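Secondary and tertiary structure notes
Next come the chains, spelled out residue by residue.
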Amino acid sequence: MAYRALTEQEAVEYVRTLPGLFTPDAKLTSKEIGDGNLNLVFHIRDEESGKRVIVKQALPYARVVGESWPLTLDRARIESEALKIQHKYVPDLVPEVYHYDAELALTVMEDLSDHVIMRKGLIEGNRYPLFAKHIGRFLAHTLFFTSDLGAHPYEKKALLGKFINPELCKITEDLVFTDPYEDAETNNFNPLLREDVEKIWRNLPLKREIAHLKFGFLTRAEALLHGDLHTGSIFVTEQSTKVIDPEFAYYGPMGFDIGAVIANLLLNYAGQHGLQPDAEERARYREYLLETVEKVWTEFVSEFVRLWHQKVKERSANVEGFWQDYVENLLQDSAGYAGCKILRRVIGLAGVADLNTIADERVRAEAERLALAIGQALILQRRTIREGADLTALVQEVANTYYQEAAV
């Protein structure tokens, strides 16, 4: 079947042809529910049995912009294959893939409508007690087993070749590491931040550190990354976590994925300035968010080091003291990439609802300034961070200073 974007009815007829999903006489309904930047997403439901699946189809352009921004359809293959690899290592933490169609650039997968998008849950002030443990394990297993630490070198290099993802990597290279730090057309920031943003454009030490981080992203093929691991790509309940949307998957520095999780928790931390009017509740929720950041790191390290000692394949990884150096460098990388992710979401294209849903433009600018201060500190001071508690202490210090100066 030649490629075409499906309608809701065509999505229903398509899944009818797939063996093992629905009975021939099933009463199926379809609704297009995609609210992301790139794809069509159909929710297919059997009205009698209640069984549901998701059909995700790549469009040949960025949906957030339109046909003026063409994109490769191969990203659907990359997403499908990445999900299968992740499912191999953490089957409880990713949706199951039922079918992939290369011609139509679509994937049929497990429905997660009993979960909520984590970003939405955080904006509502909900707490997810198992999230840090789950995402720490997801990161540890998917990064370890696709790296030179946990994969045979032939297997790792073969996977690297399968996940060459130049078009989507270029989006990251531009939108995360380049455009926000110059007067680029893609930037889209609150007009009240003009002076703050122009200071960042002139901040040579900051831009120099971001250049180091960008070249790490360009050159360090450490492990198979999710590539876009923000809280909009995570479904949660109080008991369950599911990671979705790895179409940006490629081989890169491990800290980029870890940093993405940390950044999005901290974007919500900054957003609480305008999301939660009650000062005491705001302080309590921010404490929860910082505790979660720290737990994400400690859960990751605990599992990653356990795998290192039990499953490592690379002999040089057994050199005394090496794993400690590796983990410390990884934390510093993660902090730096978190900072880049934060700055990009405030200044560049495709902001986050944690900030954008603050209705009062002035209050939103105050929250965004806090986010900018946190992002810059994580980049510039990342080499002072030795453990997870150092990272959260730095964020707390930046927030305290911000509010003290604002009160003057």
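This text follows the structure it describes.
Here's a quick rundown of the structure. (Residues numbered from 1 in each chain as written. Predicted model: local features only at pLDDT ≥ 70, side-chain atom pairs only at ≥ 80, totals over all residues. Heavy atoms only, no water.)

**Looking at the overall build of the protein**
Of regular secondary structure, the protein possesses 14 helices and 12 strands. In summary, the protein has a C-alpha radius of gyration of 21 Å against a globular reference of 22 Å for 408 residues, a match within 12%. Each principal axis of the C-alpha atoms in the protein carries an extent, and together these give about 70 × 55 × 40 Å. A fraction of 72% describes how many contacts in the protein between residues 6 or more apart in sequence connect residues 24 or more apart. (Helix = DSSP H or I, 4+ residues; strand = E, 2+ residues; numbered from the N terminus. Rg over C-alpha atoms; globule rule 2.2 N^0.38 Å. Contact = heavy atoms within 4.5 Å.)

**Looking at helix H8 (residues 204-219)**
For H8, built from 16 residues, the straight-helix expectation of 22 Å at 1.5 Å per residue is met to within 8% by its first-to-last C-alpha distance of 22 Å. When H8 is considered as a whole, its buried residues turn out to be Leu206, Glu209, Ile210, Leu213, Lys214, Gly216 and Phe217. Seen from one end, H8 has its buried residues packed into an arc of 155 degrees, which puts them on one side. Exposed residues lying more than 90 degrees from the buried face of H8 are Leu204, Pro205, Arg208, Phe215 and Thr219. Contacts made by the buried residues of H8 are with helix H6 (166-177), helix H7 (194-201), strand E12 (250-252), helix H9 (254-275), helix H11 (322-347) and helix H13 (361-380). The opening residue of H8 is Asn203, an N-cap whose side-chain oxygen sits 3.1 Å from the backbone nitrogen of Leu206. (Expected span 1.5 Å × (residues − 1). Buried < 20%, exposed > 50% of the residue type's maximum accessible area, 1.4 Å probe, protein only. Arc of directions from axis to C-beta. Polar contact = N/O pair within 3.5 Å; in protein donor to acceptor, adjacent residues only side chain to side chain.)

**Re the packing of H9 against H13**
Viewed as axis vectors pointing N to C, H9 and H13 meet at an angle of 150 degrees, and their least axial separation amounts to 8 Å. On the basis of their axis angle, the class for H9 and H13 is roughly antiparallel. In this structure, H9 meets H13 at a crossing whose hand is right-handed. On H13, the residues touching Leu266, Leu267, Tyr269, Ala270, Gly271, His273 and Gly274 of H9 are Val363, Glu366, Ala367, Leu370, Ala371, Ile374 and Leu378. Class assignment for the residues of the contact of H9 with H13 results in 10 nonpolar, 3 polar and 1 charged. (Axes fitted to C-alpha atoms, helices over the stretch in contact; angles between N-to-C directions. Parallel < 35°, antiparallel > 145°, perpendicular 65-115°, else oblique. Left-handed = near helix turned anticlockwise from the far one by under 90°. Nonpolar A, V, L, I, M, F, W, Y, C, P; charged D, E, K, R; others polar.)

**Some details on the state of the cysteines**
Here a disulfide denotes a covalent bond joining the sulfur atom of one cysteine to the sulfur atom of another. As enumerated under the stated definition, the model contains 0 disulfides in all. We note that Cys340 lacks a disulfide partner, and the nearest cysteine sulfur, in Cys169, lies 15 Å from it. Judged by its relative accessible area of 0%, Cys340 falls in the buried class. (Disulfide = S-S within 2.5 Å.)

**Regarding the nonpolar core**
Counting residues in hydrophobic clusters, the biggest one holds 109 residues, and the most contacted among them are Phe131, Leu139, Leu266, Phe300 and Leu378. The element contributing the most residues to this core is helix H10 (residues 279-311), with 13 residues. Not counting chain neighbours up to four residues away, the residues in contact with Phe131 comprise Met118, Ile234, Val236, Thr241, Val261, Leu265, Thr292 and Val296. (Core = buried A, V, L, I, M, F, W, Y, C linked by side-chain atoms within 4.5 Å.)

**Here we look at the packing of H10 against helix H14 (residues 388-407)**
It is at 8 Å that the axes of H10 and H14 come closest, and there the two elements cross at 155 degrees. Classified by the angle their axes make, H10 and H14 are roughly antiparallel. Classified by chirality, the crossing of H14 by H10 is right-handed. Contacts from Arg286, Leu290, Val293, Glu294 and Trp297 of H10 reach H14 at Gly388, Ala389, Leu391, Thr392, Val395, Gln396 and Tyr403. Of the residues that constitute the contact of H10 with H14, the class distribution is 7 nonpolar, 3 polar and 2 charged.

**As for the pairing of strand E2 (residues 39-46)**
Burial of E2 is extensive: 7 of the 8 residues sit out of reach of the surface. Relative to E2, strand E1 (residues 28-32) runs antiparallel, the two sharing 5 bridges. Residue pairing in the sheet places Ser30 in a bridge with Ile44 of E2. Relative to strand E3 (residues 52-58), E2 is paired through 7 bridges, and the arrangement is antiparallel. Considered in E3, the bridge of Ile44 is made with Val53. Count of turn residues in the E2/E3 antiparallel hairpin: 5 residues, of which Gly50 carries a positive phi of about 85 degrees. (Pairing = 2+ DSSP bridges.)

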